[in-house]
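Listed below are the residues making up each chain.
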Amino acid sequence: MRLEDAMLYCLVNEGRGLTVPQLTYLINREKLHIKKNGTPISEDEVWACYFRNRHTFIWEGGIIHLLI
């Protein structure tokens, strides 16, 4: 699953916005996105994904929410 899809999945399943550490933890715990080298994703990668997909996600008060 792509990282942006994993973020979307977590936000929909939780039914609320999440912080970057919370998103990172959930994605790694559920193994929703696995890098090619098999290592877990970092918070920096979640941040980068958020910035690439600001048409889908919004940052508000330290929490990432779905824009849709």
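Residues numbered from 1 in each chain as written. Predicted model: local features only at pLDDT ≥ 70, side-chain atom pairs only at ≥ 80, totals over all residues. Heavy atoms only, no water.

Colleague: Before we move on, could you go through the packing of helix 2 (residues 20-30) against helix 3 (residues 43-52) and cite the residues and values that matter?
Modeller: For the pair helix 2 and helix 3, the least separation of the axes is 9 Å and the interaxial angle reads 110°. Considering their axes alone, helix 2 and helix 3 lie roughly perpendicular with respect to each other. Facing helix 2, whose interface residues are Val 20, Pro 21, Leu 23 and Thr 24, helix 3 presents Glu 43, Val 46 and Trp 47. Across the contact of helix 2 with helix 3, the residue classes tally to 5 nonpolar, 1 polar and 1 charged. (Axes fitted to C-alpha atoms, helices over the stretch in contact; angles between N-to-C directions. Helix = DSSP H or I, 4+ residues; strand = E, 2+ residues; numbered from the N terminus. Parallel < 35°, antiparallel > 145°, perpendicular 65-115°, else oblique. Contact = heavy atoms within 4.5 Å. Nonpolar A, V, L, I, M, F, W, Y, C, P; charged D, E, K, R; others polar.)

Colleague: Summarise the nonpolar core; cite the residues concerned and give the values.
Modeller: Generally speaking, soluble globular proteins have nonpolar side chains that are buried together. Counting 17 residues, the largest nonpolar core has Met 7, Cys 10, Leu 23, Ile 27 and Ile 64 as its most contacted members. Where this core is concerned, the elements lending two or more residues are helix 1 (3-14), helix 2 and helix 3. (Core = buried A, V, L, I, M, F, W, Y, C linked by side-chain atoms within 4.5 Å. Buried < 20%, exposed > 50% of the residue type's maximum accessible area, 1.4 Å probe, protein only.)

Colleague: Tell me about the pairing of strand 2 (residues 63-66), residues and numbers included.
Modeller: Where strand 1 (residues 57-60) lies against strand 2, 4 bridges are found, and the strand directions are antiparallel. Counterpart to Phe 57 in the pairing with strand 2 is Leu 66. Counting the residues between successive antiparallel strands, the hairpin from strand 1 to strand 2 contains 2 residues, one of them, Gly 61, with a positive phi of roughly 60°. (Pairing = 2+ DSSP bridges.)

Colleague: Would you mind going over helix 3 in detail, with residue names and values included?
Modeller: Buried within helix 3 are the following residues: Val 46, Cys 49 and Tyr 50. Looking straight down helix 3, one finds its buried side chains confined to an arc of 100°; they lie on one side. Seen from the open side of helix 3, the exposed residues pointing more than 90 degrees away from its buried face are Asp 44 and Arg 52. Buried residues in helix 3 make contact with helix 1, helix 2, strand 1 and strand 2. (Arc of directions from axis to C-beta.)

Colleague: Describe in detail the side chain of Thr 24, supporting the description with residues and values.
Modeller: With respect to the element layout, Thr 24 can be found in helix 2. Given a relative accessible area of 7%, Thr 24 falls into the buried group. Discounting residues that sit within four places of it in the chain, Thr 24 has contacts with Ile 41, Ser 42, Glu 43 and Val 46.

Colleague: Can you explain the side chain of Asn 53? Please cite residues and give values.
Modeller: Along the chain, the position of Asn 53 falls in the loop between helix 3 and strand 1. Overall, the relative accessible area of 11% leaves Asn 53 in the buried class. Within the structure, the side chain of Asn 53 is placed 2.8 Å from the backbone oxygen of Cys 49, a separation counted as a polar contact. (Polar contact = N/O pair within 3.5 Å; in protein donor to acceptor, adjacent residues only side chain to side chain.)

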